[in-house]
Amino acid sequence: MKKKKDNLLLAREELLNEIEEIKQSLATAHSHFDTACDPDLVDSCIYEVNAIQYRYKYLLKEIRKVESLTKSRA
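Residues numbered from 1 in each chain as written. Predicted model: local features only at pLDDT ≥ 70, side-chain atom pairs only at ≥ 80, totals over all residues. Heavy atoms only, no water.

**Topic: the overall build of the protein**
Right, on to step 1. Across its full length, the protein holds two helices and zero strands.
Right, on to step 2. Along the first, second and third principal axes, the C-alpha set of the protein runs to 55 × 15 × 15 Å.
Right, on to step 3. When each of the 74 residues of the protein is scored for burial, the buried share is 20%.
Right, on to step 4. Sequence-distant contacts in the protein: of pairs separated by 6 or more residues, those separated by 24 or more amount to 71%.
Right, on to step 5. Entry remark: accessible area of the protein is about 5,700 Å², with carbon and sulfur atoms responsible for 54%. (Helix = DSSP H or I, 4+ residues; strand = E, 2+ residues; numbered from the N terminus. Buried < 20%, exposed > 50% of the residue type's maximum accessible area, 1.4 Å probe, protein only. Contact = heavy atoms within 4.5 Å. Areas by Shrake-Rupley, 256 points an atom, 1.4 Å probe, with all protein chains shown as cover.)

**Considering the nonpolar core**
Where a protein is soluble and globular, its nonpolar side chains tend to be buried together.
Right, on to step 1. Counting residues in hydrophobic clusters, the biggest one holds eleven residues: L8, L15, I19, I22, L26, A29, V49, I52, L59, I63 and V66.
Right, on to step 2. Secondary structure elements with two or more residues in this core: α1 (2–35) and α2 (39–73).
Right, on to step 3. Here this core takes six residues from α1, the largest share from any one element.
Right, on to step 4. If we skip the residues at most four places from it in the chain, I52 touches I22, S25, L26 and A29. (Core = buried A, V, L, I, M, F, W, Y, C linked by side-chain atoms within 4.5 Å.)

**Let's talk about the side chain of T70**
Right, on to step 1. Considering the arrangement of structural elements, one finds T70 in helix α2.
Right, on to step 2. Looking at T70, its side chain comes within polar contact range of the main-chain oxygen of V66, at 2.8 Å.
Right, on to step 3. For T70, the residues in contact, after removing those within four places along its chain, are L8 and L9. (Polar contact = N/O pair within 3.5 Å; in protein donor to acceptor, adjacent residues only side chain to side chain.)

**Observations concerning α2**
Right, on to step 1. Spanning 35 residues, α2 covers 51 Å between terminal C-alpha atoms, matching the ideal 51 Å at 1.5 Å per step.
Right, on to step 2. Those residues of α2 that sit buried are C45, V49, I52, L59, E62, I63, V66 and T70.
Right, on to step 3. Looking at where α2 begins, the residue whose side-chain oxygen comes 2.9 Å from the main-chain nitrogen of D40 is D38. (Expected span 1.5 Å × (residues − 1).)

Printed below as a string of structure tokens:
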């Protein structure tokens with residue numbers, strides 16, 4: 001039982017770290033978008049921002065799952 005809880009806490013920490021990385025990636029992508037001049041580059045930046053936002057959304061769902069499992073085992 002303790003091992004499962006330790007694994008959940010480790011998974012939660014990894015997800016939180018990845019969420020922080022995604023936030024920085026999103027800020028960088030927005031910065032690239034703000035400075036893009038070429039229409040193709042603007043399109044590329046839009047796709048990049050959208051992809052990062054979908055990844056962020058996925059990670060938020062995963063962290064909610066892990067946190068609900070952590071609370072149910074407490």
